[in-house]
Amino acid sequence: MAASWEIVVGLEVHVELATDTKLFSAAPSRFGDEPNTNVTPVCLGLPGSLPVLNRRAVELAMAVGLALNCEIRPSVFHRKNYFYPDMPKDYQVSQYDQPICSDGWLDVPGGSRIGIERAHLEEDAGKTTHLGGADGRIHGAVGALVDYNRAGTPLLEIVSRPDIDSAAEASAYVEELRAILLALGASDARLEEGSMRVDANISVRPAGSGELRTRCEVKNLNSLRSLRNAIDYEARRHIDLYAAGDVPVQETRHWSEDGRTHSLRSKEEADDYRYFPEPDLVPLAPDDEWIAQVRAAMPELPASQRARLHECGAEAEDAQVIVGRGLAPVVLGAVDAGADAKRTVTHAVQNLALDGAELLDADRLASLVNLETSGQLTATQAKTVLVEMCARSVAALHAAPAEADFPSDSASAAARALDPAAIAAELGFEAMADHELEALVDQAIADSPEAWEKFCAGEAKVAGVFVGAVMKATRGQADGQAVTQLLAQRRDA
Amino acid sequence: MSGANKSEKRQVRQQEGSPTHAASREEVTAISTDQVAHVARLARIELTPDEIEHYTGHLGRVLEHARELEDLDLADVPPLAHPYPLRNVFRDDVPSTPVDRDDVLEQAPAASSGQFEVPPVLGEEV
Amino acid sequence: MSTALAIAADIRSGARRAADVLDDFLGRIETHDGDVHAFNTVTAEQARAAAAAIDALVDEGRDPGPLAGVPVAFKDNLCTRGVATTCSSRMLEGWQPPYDATVVQAMTAAGAVMIGKTNLDEFAMGSSTEHSAFGPTRNPYDLGRVPGGSSGGSAAAVAAGFAPLALGSDTGGSIRQPASLCGIVGIKPTYGRVSRYGLVAFASSFDQIGPFATDVADAALALGVISGHDPADSTSIPAAVPDFAAALGRGVDGLRVGVVSEMTGSGRNRAANGGSPPGDAAGDVLDGIDADVTERVLEAADALADAGATVGRVSVPAVTYGLTAYYLIAPAEASSNLARYDGTRYGLRVDGADVEEMNRLTRRAGFGDEVKARIMLGTFALSAGYYDAYYGKAQRVRMLTRRDFDAAYADFDVLLSPTSPCVAFRFGERADPMTMYRCDTCTIPSNLSGDPAMSVPFGTGADDLPVGVQVMAPALGEETMLTVAAALERAAPPLPGPPLAGVAGSTGART
């Protein structure tokens, strides 16, 4: 028995691609709508319907593959045959032995290089809701309802090699993959909402042995925390089994919130999927020119973004936060447009954990930071304006043009509605005239003569009394730094 | 011209004998009742034991005939999946109008709450 | 009975009203379809509305199109919006698609009037239309015999004069063989020439829609209407549609016609027009091709030689393995295509305690014997441990067939063979599956290769029943195929019409 064990993990990550329509049908690929309203004959598997491949889905898959240093190869769709009510044709169209992307890698920040075995396109299934069982569980259900809105949504399944050796590394891999997907606009990649789904193949081996032992596939990992905990739990389970002279069984297990993995019962014939080439689709063979076009259209990737953020003075952790929020393009863009790098990074880290932040325009963010650094807005005001900019960006995205929240439906009015200076004006954040501030400072000195004496005697911390008074008088809108400067001027005069 | 495209290596197999002869051979080798029962489960078709016998005979006769392929050396011949060699057929990512849900659910054996209703789903469960 | 071309010309010129033409055909259906049972559904009411709309267009001085007011019958596996599309299966009894097949749209847009949906072997699996869940169709030439299949209803409808045109689908011969047995013309176009969107799939890499007509000109007309690229079918070929009618009168002078040795082995062992004999493959011929049929093919070859064609014999060795390859690949695809009939979304459901039981009981009750057999055969051919030996090997035979045809077409413009190995047979006569499957022995190779092929009546065989000659051509070679078919039609001995009152000879010398 080996003295120490190492963890061996390979991850299979399914991501929903951010297309407007489904993989093989022109039905809208959209969630949250009434059941069975985003379906065509193809999504329902109606007799006589035929699939046609979505070019955009292929291009997104190619872009992800290129970002993961994969080879883009000719590929063929196969049918994977099995019965399930939420599979409208009772087969899934998927790439089998000829995936579009193969043999790449992903560098985990601060960690090692994880091999990518393949990434392939396939269609998602619909959604089954079990009726009558406790908590919508299968057990005890009296029936089920099926909604095919999700059926046919394009999925890219990204399969890593078993190169991951810890829960932390698995988590970092998924985070980095997510950042890449966000940077490419390939997916919104939300684990909690299921637009990114992670299955972990977990085994253990004696440290340094290099062997591959029996693995278990763990599903239902809805957060990075679940992923980490499941890996640690499952690895411990394997180690305990080996320690007891037993061996794990190769199987699929389900992570549940009780902090354990559970075996899934499977049917005897479940494995015989009878793959064969999908005759309704023709082979996919991207040529070099197309691949080059996709590559040329790719935005900057997270690793490069982090390096540039670092050059802007961002700490590694802050850079990671900014990249993780998908804010690197807007932050770097604002800095390129002349905004103060430190202030921009600080805003992004402290004030932009918000919906709509990724919608911000780099030039507008730069304008905002400039308003602040030039003293026209205080830090507090700048934050308020920033929050408003994000909120309006979200509203502008969701509102149909005709019913937008804007005072006018003209484009220039829309642009004005997002302009930081205009928002500041709307909120009454006019930069205070110097003489107004001076009057307020003088009033504060007059109101606290004892404190003023102490301040003049060199007790710098008493300044807070006057700054507080001015802030109170201006309901927090005064620039604290300007007040401090005025106090010093009065003292030294 | 004629005969010129005849593959030299291709072997010619004698035609089968009488159906009775073929039947007696297939019972031994082509497909068993257990295999037919397994295939019926995979294909989700309920069969009685008599029907399994019946289909074992039917499938056996066809598979017995398929044995003629055993004699063909096809190692150098790639498989052909599509009769016409098209590549890269796509659709633009532009949504179309979905079908009317009521039209579709009207044709469903059972529906409720805008969804297709089925008996309980057993199978994979923790 | 008028041809589609004559009817459309009369209606476009105002000489006849579409409504009157329709009534004539509905009357014949009323009188005779009780015996023939070509139709699953007669859409009389809709047809009257459509005919009235055509007449209104003519009245307004507008052109309703090349098929103005021509009644057309659609095989009941072509989706028709709001009209039952059953595939002659209990599984889809009463199912009304929410959309029209592309070919249905094309025919309607050309002015055709749908008169009904025709019977078929369940899900197009069969060669006699005996495997319809709604009872067999009878051959108008002899009600005691089959019309062929699986498009038996469409073939019988045209032969019986119920409609001048019909569409069918051909997966292994399902247009050509019934056309042959019913004494009419049937075309299987190049795979991809005609959109499959809205054709209920049997075997997707073989299925192709095509027309039935009483003569080659009508068939060419309908072919032109339904051909063309369809973005809804990924396997649809983006090629321009030729003027098929222009091909009819070109003549065969100088064309090279190859008589396929493997398909005419039972005939006179001779070389027409100086071709070489079968040579090295004396035993390498297809089994069970009747001598009377082969004789007509050789006479047809002689007729083409007389008309100026260069005729020779040619070997296409792989065709002897075609039947086997086809009866592995087609069921494999079918097993997957027919999985969706599970009782969940449409069609039949037989309730069960859980979904799986519901699936099993539904499929037990909804599918007939032949469909079940083919689903299981295909499931087996794809299953773990057997894929390479069956499905995989059959795909390689398919490539071999492609290559052998390519080699043959290097030397010949078209190939000639029987369509069916026999004339129309009696009900129940071919109950054994392999015996039935051999009906497709001459037609299957073109489905394996995807090349176009058609059947043209050429005289009669046993019991004075019609014989069809098959003309095959390379991919997208429909024009040459039609040129040769038209020449054969001109040379064919007159064919007596079916003994239903009022049906004229379906083809034959017209000059």
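Residues numbered from 1 in each chain as written. Chains lettered and ligands numbered in written order. Predicted model: local features only at pLDDT ≥ 70, side-chain atom pairs only at ≥ 80, totals over all residues. Heavy atoms only, no water.

Before going further, it helps to examine the interface of chain C and chain B. Taken together, the contacts link 85 residues of chain C with 62 residues of chain B. Overall, the association of chain C and chain B removes approximately 6500 Å² of surface from exposure, summing both partners, and the carbon and sulfur fraction of that is 64%. If you sort the residues of chain C by the area they bury against chain B, Y321, M376 and R396 of chain C come out on top, with a joint share of 11%. Across the contact surface, chain C and chain B share four salt bridges. As a salt-bridge pair, R44 of chain B and E356 of chain C come within 3.8 Å of each other at their nearest N and O atoms. Among the secondary structure elements, those contributing two or more residues to the side of chain C that touches chain B are β8 (310–314), α10 (322–337), α11 (355–366), α12 (369–382), α13 (388–411), α14 (433–437) and α15 (444–449) of chain C. It is α13 of chain C that contributes the most residues to the side of chain C that touches chain B, 15 residues altogether. For the side of chain C that touches chain B, the per-class residue count stands at 39 nonpolar, 21 polar and 25 charged. (Contact = heavy atoms within 4.5 Å. Buried area = accessible area lost by both parts, 1.4 Å probe. Salt bridge = Lys/Arg side-chain N within 4 Å of Asp/Glu carboxyl O. Helix = DSSP H or I, 4+ residues; strand = E, 2+ residues; numbered from the N terminus. Nonpolar A, V, L, I, M, F, W, Y, C, P; charged D, E, K, R; others polar.)

Right, let's talk about empty space enclosed by the protein for a bit. Rolled over the atoms, a probe as big as a water molecule pinpoints where empty space is left. Residue and element names in this part refer to chain A. Tallying each qualifying case throughout the model produces 11 cavities of 30 Å³ or more. Reported here for the second largest cavity is a volume of approximately 100 Å³. Taken together, 15 residues line the second largest cavity, and the ones lying closest to its centre are K89, E123, D124, A151 and G152. Across the lining of the second largest cavity, the residue classes break down as eight nonpolar, three polar and four charged. (1 Å grid on protein atoms, 1.4 Å probe; cavity = no way out; pocket = protein on both sides within 12 Å on 5 of 7 lines; lining within 4 Å. Points joined across faces, edges and corners; volume = space filled by probe spheres on them.)

At a closest axis distance of 9 Å, the pairing of helix α2 (residues 33–42) of chain B and α12 of chain C adopts a crossing angle of 100°. The orientation of α2 of chain B relative to α12 of chain C falls into the category roughly perpendicular. Taking contact as the criterion, the partners of Q35, V36, V39, A40 and L42 of chain B in α2 of chain B are, on α12 of chain C, M376, T379 and F380 of chain C. Here the residues of the contact of α2 of chain B with α12 of chain C sort into six nonpolar, two polar and no charged. (Axes fitted to C-alpha atoms, helices over the stretch in contact; angles between N-to-C directions. Parallel < 35°, antiparallel > 145°, perpendicular 65-115°, else oblique.)

Quick look at the pairing of strand β4 (residues 165–170) of chain C now. Looking along a regular strand, one sees side chains alternate from face to face of the sheet. All names here are of chain C. Within β4, six of the six residues are buried, which leaves the element mostly enclosed by the surrounding structure. Bridge count for strand β2 (residues 71–75) against β4 is three bridges, and the pairing is parallel. Paired with A73 across the two strands is A166, which belongs to β4. In terms of strand pairing, β4 meets strand β6 (residues 208–213) through six bridges, oriented antiparallel. From the neighbouring strand, L167 faces β6, where its bridge partner is P211. (Buried < 20%, exposed > 50% of the residue type's maximum accessible area, 1.4 Å probe, protein only. Pairing = 2+ DSSP bridges.)

All names here are of chain C. Ordered in space as β1-β3-β2-β4-β6-β5-β10-β11-β9-β7-β8, the 11 strands form an open sheet in which the pairing is mixed. Taken across any chain shown, the strands that pair with only one partner, and hence form the sheet edges, are β1 (39–42) and β8. Averaged over all pairs of adjacent strands, the angle between their axes in this sheet comes to 30°, without regard to strand direction. Of the pairings in the sheet, the one linking strand β5 (residues 185–188) to strand β10 (residues 453–460) comprises three bridges and is antiparallel in character. Counted as the bridge partner of I187 is M454 from β10. Relative to the sheet, helix α2 (residues 18–36) contacts β1, β2 and β3 (113–118), its axis offset from that of β3 by approximately 20°.

Negative phi is the rule for most residues except glycine; trans is the rule for most peptide bonds. The step from G149 of chain C to S150 of chain C runs through a cis peptide bond, and the omega angle for that step is 10°. Positionally, S150 of chain C belongs in the loop between β3 and α5 (152–159). Not every positive phi belongs to a glycine, and N88 of chain B is a case in point at roughly 50°. Mapping N88 of chain B onto the fold places it in the loop between α3 (49–66) and β1 (90–91).

Bringing the sheet that holds strand β9 (residues 143–147) of chain A into the picture now. Strand order across the open sheet formed by four strands is β8(A)-β9(A)-β3(B)-β2(B), with antiparallel pairing between neighbours. A strand with exactly one partner marks an edge of an open sheet, and here the two such strands are β8 (127–131) of chain A together with β2 (111–112) of chain B.

This next bit is on the interface of chain B and chain A. With 37 residues of chain B in contact, the opposing surface of chain A contributes 62 residues. Buried surface at the junction of chain B and chain A, both sides included, amounts to about 4300 Å², of which 59% is carbon and sulfur. The tally of links from chain B across to chain A stands at two salt bridges. Between E34 of chain A and R101 of chain B there is a salt bridge, and its shortest N-O distance comes to 3.7 Å. Where chain B meets chain A, there are 21 residue pairs in polar contact (both at pLDDT 80 or more). (Polar contact = N/O pair within 3.5 Å; in protein donor to acceptor, adjacent residues only side chain to side chain.)

These figures capture arrangement, not role.
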